[in-house]
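Residue-level listing of the chains:
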Amino acid sequence: MNENTQLTMKDIARELGISVATVSRALKDSPRISAEQRKRIQDYARAHNFTPNLIAESLRHSKVQPMKVIGVIVPELVHYYFASILKGIEEEAEAHGYRVMVGQSGEQYEREVKLCRSFYENKVCGIIVSQAKDTLQYDHFKQLIASGVPLVFYDRICTGVNASRVVVDDYMGAFNAVTYLINTGCRHIAFYGLPMHLEIAKNRFNGYKDALLKHGLRYDERLVRICDNRDDAEVITPELFNDEPYPDAFFAVNDDTAIGILYTVKRMGLRVPDDISICGFTNGERAIACDPMLTTVEQRGLRVGEEAANILISQVEGTLPHDRIERRIVRTRLIIRGTTR
């Protein structure tokens, strides 16, 4: 096992040629296991710095609850959407007597792995996480599940990990927004999205593309860019006006990117929305602080956070079976403002 991988009872069982149940009993010093076998297992665990996470099991089987702490990993707190999700998690957790421990991955895989290890070592009773953009390997999540730690994904989910998740209806949010742009006369709609290995990126892109095809518009890959922040949007946007046909609308993955597009096209002398329509995805506070105010897809982050915390707490306390996979979808809605016709 490498340094980023946490040893589990399953690993110990495999190495020693015994059952996971035997490992569990030995680590609890059960008299059902011989003294010699207990010592062998405990010595191996100690030599490999094994730290069992028994908090979730004790919560499920005892009315006397020990540390009621939920670990939460956010990619970046500077984004309104993630901040609103965190608020929803904290409110739901507080209502049930839980505290929240928060860490930011900074969109970095290595940081995400370290946070998972830190939460595990601090005996949190479960973890709520949105994966970092850099994350392409999921062993750290699988190890948590194998160790009995309840795990709930929100927003960005790992399809290769069998865990509960809460997402917004990204596909329909994008489909409805692009359909609205088309219905208001736009014919060359650019798409700024996340890296395509993320499920959220695929869903929004598919919603965009299907809306074009349904309304008989040609898909033009020249108008599709990986761009999810204002700085990049200000660099990339002028490039799309180097060749005809020029875009007459933009659909962006988030409000910050959309605002970057807005101020760039205005500096280029284009009128919004007369020449260019722009739609974002979030409905954060910045959407009403720009001029004109931004048309955007509302994600309802508070509700996403409440649902994620509700699933986790229910699994920890046993009202939801620990092995049951919950998939909840929070509906979006299009908020029409001044950047569209």
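What you see is a predicted model; the values in this text were computed from it and never measured.

About the thresholds
- Residues numbered from 1 in each chain as written.
- Predicted model: local features only at pLDDT ≥ 70, side-chain atom pairs only at ≥ 80, totals over all residues.
- Heavy atoms only, no water.
- Salt bridge = Lys/Arg side-chain N within 4 Å of Asp/Glu carboxyl O.
- Helix = DSSP H or I, 4+ residues; strand = E, 2+ residues; numbered from the N terminus.
- Buried < 20%, exposed > 50% of the residue type's maximum accessible area, 1.4 Å probe, protein only.
- Phe/Tyr/Trp six-rings, centres within 6.5 Å; stacked < 30°, edge-to-face > 60°.
- Lys NZ or Arg CZ within 6 Å of the ring centre and 35° of its normal.

S.K.: Give a detailed account of the pattern of salt bridges, specifying residues and quantitative values.
M.R.: All chains considered together, the criterion is met by 20 salt bridges. The salt bridge partner of Asp 275 is Arg 271, with a shortest N-O separation of 3.1 Å. Between Arg 303 and Glu 307 there is a salt bridge, with its nearest N and O atoms 3.0 Å apart. One end of the pair is Arg 303 and the other is Glu 307, both in helix H12 (residues 301-317) and four residues apart, which spans about a single turn. We classify Glu 307 as buried; its relative accessible area is 16%. Sharing partners across several salt bridges, the network here consists of Arg 303, Glu 307, Arg 324, Glu 326 and Arg 328.

S.K.: Outline the packing of aromatic side chains, supporting the account with residue identities and numerical values.
M.R.: Enumeration according to the criterion identifies 13 aromatic pairs in this entry. Three or more aromatic residues joined by ring pairs form one cluster here, namely Phe 191, Phe 205, Tyr 208, Tyr 219, Phe 251 and Phe 281. Here the guanidinium or amino end of Arg 204 rests over the ring plane of Phe 281, the centre of that ring lying 3.7 Å away. A cation sits over an aromatic face here: Lys 209 above Tyr 219, 4.6 Å from the ring centre.

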